[in-house]
Amino acid sequence: MDLQIALLLVQDGIVNGAIYALMALALVLVFSVTRVIFIPQGEFVAYAALAMAALQSGKPPAVLWMLLALAALTLLVEAVRQARGAEVDWKGTVVWAVLLPALAALMLLVVQPQSMLLQVLSVLLLVVPMGPLVYRLVYRPLAHATVLILLIVSVALHLVMVGLGLFFFGAEGSRTAAFSEARWDVGGMTISGQSLVILGVTALLVVAMFFFFERSIVGKALRATAINRVGARLMGIPTSLSGDLSFALAALIGAVSGLLIAPVTTIYYDTGFLIGLKGFVAAIVGGLGSYPLALAGALLVGLLESFSSFWASAFKEVIVFTLIIPVLWWRSLNTHHVEDEE
Amino acid sequence: MKPLHLVIGFIALLAAVWGYLPPFTVTLLCYIGLYSMVAVGLVMLTGVGGMTSFGQAAFVGLGAYATAWICTSPQAAELLGALPKGAYPWVGLLLGLAVTALVAWVLGAVTLRLSGHYLPLGTIAWGLSLYYVFGNLQSLGGFTGLSGIPPLELFGLSLASPRVLGVVIWALLLLAIWALHNLLDSREGRAIRALKTGRLMAESMGVDTAQQRIKLFVLAALLAAVSGWLYAHMQRFVNPTPFNLNIGIEYLFMAVVGGSGHLWGAVLGATLITLLKEQLQDWLPRLLGTTGNFEIVVFGLLMLLVLQRASTGLWPLLANATRSWLRPDAPARQPVGGAAQLDQRQLPPAGQQVLEARKVTKRFAGLVANNAVDMDVRASEVHALIGPNGAGKSTFFNMISGVDDPTEGQVRLMGQDMRGKPSRAFAALGLGRTFQHVRLLGERSVLDNVALGAHRRGHKGWVASMLRLDRGEEAAVLAEAMRQIERCGLAEVAHTPAASLPLGQQRIVEIARALAGQPAILLLDEPAAGLRHLEKQSLAALLTQLRAEGLAILVVEHDMEFVMNLADRITVLEFGTVIAHGTPAEVQADPRVIAAYLGGDML
């Protein structure tokens, strides 16, 4: 290996690492606020990427029907809850189950946008409401279940979403048009505009999330919920609001990641799972609790992956996933007291 | 009619019709048996032990590939040249079990000391990785796999036909269920049942919960490996597909849908999922007009529905429906003292220092919860720790029982420095305790709960329990538990589930559990809370008697009358600092204590 190849691999690793970083952020966010280990995070990536590809080939993405079905089902569930005397947050329900899905349908079926910006907007409108809708239908009835049960639920949901992904998008992979075709030659190394877009958007999202959690009242409420769920509820922060929001953010981050990566990698209906899992490896490096460590972990995963694809490409997945063994081993050395599971 | 009769009837029926079933049904039943074997391991892991694994298919794969490689590879043939061909599958079985045990042990040792979700995440990574390893190793045939695996042979009888092999499969499955049933009904079984909701409590009873969890995980993996070994010799061909992550998830579905808390739920779940998959693979492509792995959508939805609506699975529903004619097992045997002797502890002489805290300080970030607390508890003495709410009593209690480490200072038990030691080490030295928030296994009987307290005094392990070689010791443990229950006045409720007792009585059950361990020192966290007046009197009488027998007793309590009448010495904490120390009379006269309890400026 010469320096040139090494630099190329580093560049590749950083770009992929940025995507894993976004995954890891979403996973840490959802886990700390709702205790859900959100295995289906990667499905949002695949859905967004494949929906964008469908739009660019002039077809409205069929997965819209899934969104509409989720919305209808949610409305039905909320109506039943209302009839049974439960307190229903209709404002949120209207936003997630009526307004955004209606806008998505309008954009995808009627407007059928040609400009890339509007296409991006349409895909976001399509994918983001799925987060809170899935939360309400799948996780909210189990709000008091153990982390373990919630994890099994996540895996079941992952299967459902992958299967539906296959149904709506088919088995063929797709790539989308790059956001930037620019290329620069820096010291004998080619840097593509698309990879700068990926890094730039990732940095922007990370900074935006930082300000959201540090400065905004809603962000602070989410943080409070993450630290002490019962305490936050007693202070008047509704559990369902934090659930809606964290899943919406997770879906948003997933969709953005999908849009970013689709021009660089061919995405299949089941690609998202592997991307999401690598985000998990990164998040586990940070103990599923620390954002900065998760970012560092993501970079590590990206670099490890790009270098192992050079040396042992058939085993690159094995090498990346095996990374968690030494990480967990190191963490387990520092625990000698037992705590009961929640 | 009892469940055992039903099981025997089920086996007899299967045996009677076995010869007449059509070949397709026999093959299907073979698969159900193989899947059940994996699922029953998952029931132990998930429903009983509170852990889970998505990677069982990979362990099945290890079992299958190990024997496939031994039986087909020229290198293996070179190594085993001297052995007859018929012995190869048995070498394959041993290799598969050894490799599986090693992998499972490493995975478990790395993840199971951490919180519960790391093991399942680890098994996802493991399940994915192994698939790629199998697929990319040319010596294992890559993605095309290995073929030409010979059938099993037993005493010259070929097990090539599913009709013959099926008997072996189901015999092994039933044997496994019998052994697991025995295991759950033993000293080790009580410890295993505590893993799900009572790890902290079990550690305080001297159970090494991390080790138990690792053993349980290895056991489940070994069952999967045996299933894989049989699978390879039934199919006579292996490739990576049946061992990938999706199948691993399916195994978990079988356990959860069937009923993850019940061994037979595994068989029910394996049967249902296998039959359903069969039908779905037939119907879905026709319905959707396209082929693909769509049954996962149905499985996923089914799983979501079961977890939301019937989280204990279908087996309990079935058990409920049959309750009218199917009597559960006879009420627990009345324990009789067996021949076996439990470990006995020599109590220290009266007045000897048993527990000693020196300058114990605990800081949580900026907050000082305990500030240089000194205290000692002596044999044949009741020592009370009192103080207003938030004085730091619970924090201190945690540090002298091994639940937490002091930031500074030293805790000595029986003269030994306990820094960094887990609470089971405290139990080993003779510390018995109760919990402020009662920690009992609510669904288990009072007797079962109390018997867990005597865990350390028995020694029969997993294998002895599975083979029923532990009955003498088990009888002695139960007899000891019964003795403590009677002593605490709970004999009438010995066989009722602990959760059905009023809270006050549950606290007494905790005391009985601690006594079953024959402690030298007893730590009681608010034992009188929730007791009625007469119950308090009998508790005081019990503690007085225990003191006379030579126990050292430390009580944290809010009931002043109870404390003042009982305690020999009292330590008073306020804002994490000792403000008074002495006999009840001295403490009651101390102006700082009066100020702390009644408010107002002191001094």
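Residues numbered from 1 in each chain as written. Chains lettered and ligands numbered in written order. Predicted model: local features only at pLDDT ≥ 70, side-chain atom pairs only at ≥ 80, totals over all residues.

**Student:** Explain the sheet that holds strand β8 (residues 408-413) of chain B here, please?
**Tutor:** Each strand in a sheet pairs with its neighbour through backbone hydrogen bonds, running either in the same direction (parallel) or in the opposite one (antiparallel). Residues and elements named next belong to chain B. Taken together, the 4 strands give an open sheet; going across it, the order is β6-β5-β8-β9, and neighbouring strands pair in antiparallel fashion. Only two strands of the sheet have a single neighbouring strand rather than two, namely β6 (367-378) and β9 (416-417). Sheet topology note: the strand β5 (residues 353-364)/β6 ladder contains 8 bridges and is antiparallel. Bridging across to β6, Glu356 finds its partner in Asp376. Sheet strands touched by helix α15 (residues 393-400): β5, β6 and β8. Its angle to β5, the strand with the most contacts, is close to 125°. (Pairing = 2+ DSSP bridges. Helix = DSSP H or I, 4+ residues; strand = E, 2+ residues; numbered from the N terminus. Contact = placed C-beta atoms within 7 Å. Axes fitted to C-alpha atoms, helices over the stretch in contact; angles between N-to-C directions.)

**Student:** Explain the environment of Glu317 of chain A to me, please; I cannot follow it from the model alone.
**Tutor:** In this structure, Glu317 of chain A sits in helix α14 (residues 316-322). Not counting the four nearest positions on each side in its chain, Glu317 of chain A is found in contact with Leu128, Ser129 and Tyr132 of chain B.

**Student:** Sorry, what's going on with the interface of chain A and chain B here?
**Tutor:** As a measure of interface size, the accessible area lost when the parts come together is often cited. At the junction of the two partners, chain A supplies 43 residues and chain B supplies 46 residues. For the side of chain A that touches chain B, the element with the most residues is helix α7 (residues 147-169) of chain A, which contributes 16 residues. Taken together, the residues of the side of chain A that touches chain B sort by class into 32 nonpolar, 6 polar and 5 charged. (Nonpolar A, V, L, I, M, F, W, Y, C, P; charged D, E, K, R; others polar.)

**Student:** Help me understand helix α5 (residues 88-111) of chain B in this model?
**Tutor:** Helical periodicity: at 3.6 residues per turn, an α-helix aligns residues three or four positions apart in one direction. Between its terminal C-alpha atoms α5 of chain B stretches 34 Å, which fits the 34 Å expected from 24 residues at 1.5 Å a residue. Taken as a whole, α5 of chain B has its buried residues at Tyr88, Pro89, Gly92, Leu93, Leu95, Gly96, Thr100, Ala104, Leu107, Gly108, Val110 and Thr111 of chain B. Along its buried surface, α5 of chain B packs onto α15 (324-333) of chain A together with α3 (56-72), α6 (118-136) and α10 (209-235) of chain B. (Expected span 1.5 Å × (residues − 1). Buried ≥ 20, exposed ≤ 12 C-beta atoms within 10 Å, placed from the backbone.)

**Student:** I keep staring at the sheet that holds strand β12 (residues 552-556) of chain B and nothing clicks. Help me out?
**Tutor:** Residues and elements named next belong to chain B. Taken in spatial order, the 6 strands line up as β10-β11-β12-β7-β13-β14 in an open sheet, and their pairing is mixed. Looking at strand neighbours, the two that pair on one side only are β10 (431-433) and β14 (577-582), the edges of this open sheet. Within the sheet, the average angular offset between the axes of one strand and its neighbour, ignoring direction, is 15°. Relative to β12, strand β11 (residues 521-525) is paired through 5 bridges, and the arrangement is parallel. When the sheet's bridge partners are listed, Leu522 is paired in β12 with Ile553.

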